[in-house]
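One letter stands for each residue in the lines below.
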2 protein chains.
Amino acid sequence: MEFKSPMPCVDIIIEIDHSIVIIERKHEPLGFALPGGFVDPWESIEHAAIREAKEETLLDVELYDFLYTYSDPKRDKRLHTISSVFIAKAKGSPRGADDAKKAFLVPINDLLKYEYAFDHKRIISDYIRYKEKGIRPNPKEFL
Amino acid sequence: MEFKSPMPCVDIIIEIDHSIVIIERKHEPLGFALPGGFVDPWESIEHAAIREAKEETLLDVELYDFLYTYSDPKRDKRLHTISSVFIAKAKGSPRGADDAKKAFLVPINDLLKYEYAFDHKRIISDYIRYKEKGIRPNPKEFL
């Protein structure tokens, strides 16, 4: 347990019609995930989200809402990451690039049929609850 | 511009009746601020918020809402920090401790009469708008 600050990152829930964009990861941990990545030095989280969405899916996204910031030290086995999660809209079709081997659309109703890397199934569940019931993630749920 | 990841931190808006807790900082930048501080390695942001509130105000807080995560690279002149801001309730009277020279209550209606360190005036304005109108900070406002 060396003293090393947690690493800020972002993940983006990109809506296209009634589907969201899921990627297949090129690097460990392999599997499906939301597009996202680390925040660069001197970069805001909003700019990081737009940049990472473009790099991994080739989409130009419009951020329109903020879901929550996920920081459970167990959410990433490699190191402690703290991810701010945005909700965005886009048009067109995603194509996997950079750290994403593939990028594809999954209808919102089918999202929970799959398994995901990191805590992304939790994030996706929170997103669906928010869309269906208007209930946002609450800090009490993380204590 | 060396490659150094931004530092995650937390700030806490602590409500006691119709006032919130403001501290006077012991270290640079001096001045008034919300209680808060850096997230420790392997610590969740929720635990960091409860810990920092206790250290600086001696209050036991109950986190009940999340405002936004503020990451403008200019928000702190010393280094790039990314702060997740919680809204909490507490009982009793705050007392300044640790990095806080003083801690005191300011009625919500008087909050914007003061100047604050970092981007805390912006955060407090966003909080007041949220409490009065139900409008949360939106990512578009940070682009």
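What about the relation of the copies chain B and chain A?
With an axial shift of 0.0 Å and an RMSD of 0.0 Å, the rotation relating chain B to chain A amounts to 180 degrees. Both copies are brought into coincidence by an operation consistent with a two-fold rotation axis. The position closest to the rotation axis in chain B is occupied by the C-alpha of proline 8 of chain B, lying 3.3 Å away. In this assembly, 100% of the residues forming the interface of chain B have copies in chain A that are likewise at the interface, indicating an isologous arrangement.

Observations concerning the interface of chain B and chain A
With 38 residues of chain B at the contact, the number on the chain A side is 38 residues. In total, chain B and chain A occlude about 3,400 Å² of area from one another, counting both sides; carbon and sulfur atoms represent 68% of this. Summed over the shared surface of chain B and chain A, the result is 2 salt bridges. For glutamate 62 of chain B, the salt bridge goes to lysine 140 of chain A, with nearest N and O atoms at 2.9 Å. In this assembly, chain B and chain A are joined by 11 residue pairs in polar contact (both at pLDDT 80 or more). Contributing elements (two or more residues each) for the side of chain B that touches chain A: strand 1 (7-16), helix 1 (45-57), strand 5 (62-70) and strand 6 (81-89) of chain B. By residue number, the principal contributor to the side of chain B that touches chain A is strand 5 of chain B, which donates 7 residues.

Brief notes about the environment of threonine 81 of chain B
All names here are of chain B. In this fold, threonine 81 is placed in strand 6. Put simply, threonine 81 and proline 41 are 40 residues apart on the chain and 15 Å apart in space, counted from C-alpha to C-alpha. Setting aside residues up to four positions removed in sequence, threonine 81 forms contacts with Met7, Cys9, Phe38, Tyr70, Ser71, Arg75 and Asp76. Among the polar contacts listed, one links the side chain of threonine 81 to the side chain of arginine 75, at a separation of 2.7 Å.

Here's the deal with the nonpolar core
With 84 residues, the main nonpolar core has Leu67 of chain A together with Leu67 of chain B as its most contacted residues. Residues within four places of leucine 67 of chain B in sequence aside, it is in contact with Ile13, Val85, Ile87, Ile123, Asp126, Tyr127, Tyr130, Arg136 and Pro137 of chain B.

Looking at unusual backbone geometry
Proline 29 of chain A follows glutamate 28 of chain A through a cis peptide bond whose omega is -10 degrees. Note that proline 29 of chain A resides in the loop between strand 2 (19-25) and strand 3 (32-33). Even without being glycine, phenylalanine 118 of chain A reaches a positive phi, approximately 55 degrees. Tracing the backbone through its elements, the reader meets phenylalanine 118 of chain A in the loop between strand 7 (100-107) and helix 2 (120-133). A positive phi angle, close to 65 degrees, is found at leucine 58 of chain B, a residue other than glycine. Among the residues examined, leucine 58 of chain B registers a relative accessible area of 37% and is labelled partly exposed.

Thoughts on the confidence of the model for chain A
The predicted structure's coordinates, where accompanied by low pLDDT, should not be read in detail. Summarising the model, chain A shows a mean pLDDT of 96, and 98% of its residues fall at 70 or more. Scored by ipTM, the complex comes to 0.96, with pTM at 0.96.

Considerations on the pattern of salt bridges
Two side chains carrying opposite charge are able to pair once their charged atoms lie near each other. Scanning the model with the defined rule gives 38 salt bridges over all chains in all. Between glutamate 52 of chain B and arginine 51 of chain B there is a salt bridge, with its nearest N and O atoms 3.1 Å apart. For glutamate 52 of chain B, a relative accessible area of 6% translates into the label buried. Close ionic contact of aspartate 60 of chain B with lysine 54 of chain B constitutes a salt bridge, the shortest N to O distance being 3.1 Å. Linked by salt bridges that have partners in common, Asp40, Glu43, Arg51, Glu52 and Glu55 of chain A make up one network.

Observations concerning the packing of aromatic side chains
Under the defined criterion, the tally for this structure stands at 15 aromatic pairs over all chains. Taking the centre distance of 5.8 Å and the plane angle of 85 degrees together, the rings of phenylalanine 32 of chain A and tyrosine 114 of chain A count as edge-to-face. Of this pair, phenylalanine 32 of chain A sits in strand 3 while tyrosine 114 of chain A sits in the loop between strand 7 and helix 2; the two residues are 82 residues apart in sequence, bridging distant segments of the chain. For tyrosine 114 of chain A, a relative accessible area of 36% gives the class partly exposed. Centre to centre, the rings of tyrosine 68 of chain A and tyrosine 70 of chain A are 5.5 Å apart; their planes meet at 80 degrees, and the pair counts as edge-to-face. With relative accessibility at 1%, the residue tyrosine 68 of chain A sits in the buried group. Counting every residue linked through ring pairs, the aromatic cluster contains Phe66, Tyr68, Tyr70, Phe86 and Phe142 of chain A together with Phe66, Tyr68, Tyr70, Phe86 and Phe142 of chain B. If you follow lysine 89 of chain A out to its NZ or CZ, it ends over the ring of tyrosine 64 of chain A, 4.4 Å from the centre.

Thresholds applied
- Residues numbered from 1 in each chain as written.
- Chains lettered and ligands numbered in written order.
- Predicted model: local features only at pLDDT ≥ 70, side-chain atom pairs only at ≥ 80, totals over all residues.
- Heavy atoms only, no water.
- Least-squares fit on C-alpha atoms with pLDDT ≥ 70 in both.
- Contact = heavy atoms within 4.5 Å.
- Buried area = accessible area lost by both parts, 1.4 Å probe.
- Salt bridge = Lys/Arg side-chain N within 4 Å of Asp/Glu carboxyl O.
- Polar contact = N/O pair within 3.5 Å; in protein donor to acceptor, adjacent residues only side chain to side chain.
- Helix = DSSP H or I, 4+ residues; strand = E, 2+ residues; numbered from the N terminus.
- Core = buried A, V, L, I, M, F, W, Y, C linked by side-chain atoms within 4.5 Å.
- Buried < 20%, exposed > 50% of the residue type's maximum accessible area, 1.4 Å probe, protein only.
- pLDDT = per-residue confidence, 0-100.
- Phe/Tyr/Trp six-rings, centres within 6.5 Å; stacked < 30°, edge-to-face > 60°.
- Lys NZ or Arg CZ within 6 Å of the ring centre and 35° of its normal.

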